[in-house]
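# Analysis of the macromolecular model
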Amino acid sequence: MKKQTISFDMSVYDSIDELSKTDKDLMLKAVGARSNAYAPYSSFLVGAAVLLENGEIVVGNNQENAAYPSGLCAERVAIYQAAAIYPNVKMVSVAISATSKNYKVLEPAAPCGNCRQSMIEYEQKQKEPLTLMLMGEVGKVLKCNSISDILPLAFSNSFL
């Protein structure tokens, strides 16, 4: 037997104000998208914004449904919309921000497993990293260089 360690580097910013203008603008789009989330059951509002290679930004937010698990997370709404509208344009970066109607979200909320798998599919398709930024309601921002960083043993079409 051989042990192996999987790790990655990420950048941690104390606030959104430390980000580059491009990253800050993208995160602000994600923050804005939170306000349109449909989350009557969880009261957990998530916004996502996808920056495309052509400079367009596509946003999404979580959409809940009484018939769980029929709803969709913000990340998948934004990624799928970007792919539907701009099918041949590479995705550069995804920003995600979360808040709650019940408490202040001080820590960045990481994507669920379904969202990680959905995002890695597009990263694999375009054969280039997709940067990921995470932020709660306020506070620090985490920036990962690739979706594969947060899903190192990803399932891919090579298994099919």
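Going by the structure above, here's the rest.
Throughout what follows, the structure given in this document is the object of discussion.

Now for the pattern of salt bridges. Counting across every chain of the model gives five salt bridges. Put simply, Lys21 and Asp25 hold a salt bridge, and the shortest N to O gap is 2.8 Å. Within this pair, Lys21 and its partner Asp25 are both found in helix H1 (residues 21-34), separated by four residues, close to a single helical turn. Residue Glu107 pairs with Lys140 through a salt bridge whose shortest N-O separation is 3.3 Å. Here Lys140 lies in the loop between strand E5 (131-135) and strand E6 (141-144) and Glu107 lies in the loop between strand E4 (91-100) and helix H3 (113-126), a separation of 33 residues in the sequence. Here Glu107 falls in the partly exposed class, since its relative accessible area comes to 46%.

In this section: the environment of Val89. Topologically, Val89 is positioned in the loop between helix H2 (74-85) and E4. Taking the relative accessible area as the measure of exposure, Val89 reaches 24% and is therefore partly exposed. For Val89 and Phe155, which are 66 residues apart along the polypeptide, the C-alpha to C-alpha distance reads 23 Å. In contact with Val89, not counting residues within four places along its chain, are Leu52, Glu53 and Asn54.

Glancing now at the packing of aromatic side chains. Across all of its chains, the model carries two aromatic pairs by this definition. When the centroid spacing of 6.0 Å and the interplanar angle of 65 degrees are considered together, the rings of Tyr41 and Tyr68 count as edge-to-face. Of the two residues, Tyr41 is situated in the loop between H1 and strand E2 (44-52) and Tyr68 in the loop between strand E3 (57-61) and H2; the sequence distance between them amounts to 27 residues. Judged by its relative accessible area of 42%, Tyr41 falls in the partly exposed class. Measuring from ring centre to ring centre gives 5.1 Å for Phe155 and Phe159, while their planes differ by 15 degrees; the resulting arrangement is stacked. The exposure class of Phe159 is exposed, given its relative accessible area of 56%.

What follows concerns a nonpolar patch on the surface. The grouping of Phe8, Met10 and Val12 at the surface amounts to a nonpolar patch, some 250 Å² of accessible area in total. Examined against the element boundaries, Phe8 turns out to sit in the segment before strand E1 (10-13). For Phe8, a relative accessible area of 35% gives the class partly exposed.

Secondary-structure assignment places Asp149 in helix H4 (residues 147-150). Despite its burial, Asp149 remains without a salt bridge, the nearest opposite charge being carried by Arg116 at 11 Å. Not counting residues up to four positions away in its chain, the partners in contact with Asp149 are Phe8, Asp9 and Cys144.

Rules used in this analysis
Residues numbered from 1 in each chain as written. Predicted model: local features only at pLDDT ≥ 70, side-chain atom pairs only at ≥ 80, totals over all residues. Heavy atoms only, no water. Salt bridge = Lys/Arg side-chain N within 4 Å of Asp/Glu carboxyl O. Helix = DSSP H or I, 4+ residues; strand = E, 2+ residues; numbered from the N terminus. Buried < 20%, exposed > 50% of the residue type's maximum accessible area, 1.4 Å probe, protein only. Contact = heavy atoms within 4.5 Å. Phe/Tyr/Trp six-rings, centres within 6.5 Å; stacked < 30°, edge-to-face > 60°. Patch = residues over 30% accessible without salt bridge, like charges linked within 9 Å, V, L, I, M, F, W, Y side chains within 5 Å. Areas by Shrake-Rupley, 256 points an atom, 1.4 Å probe, with all protein chains shown as cover. Lys, Arg positive; Asp, Glu negative; His and termini not counted.

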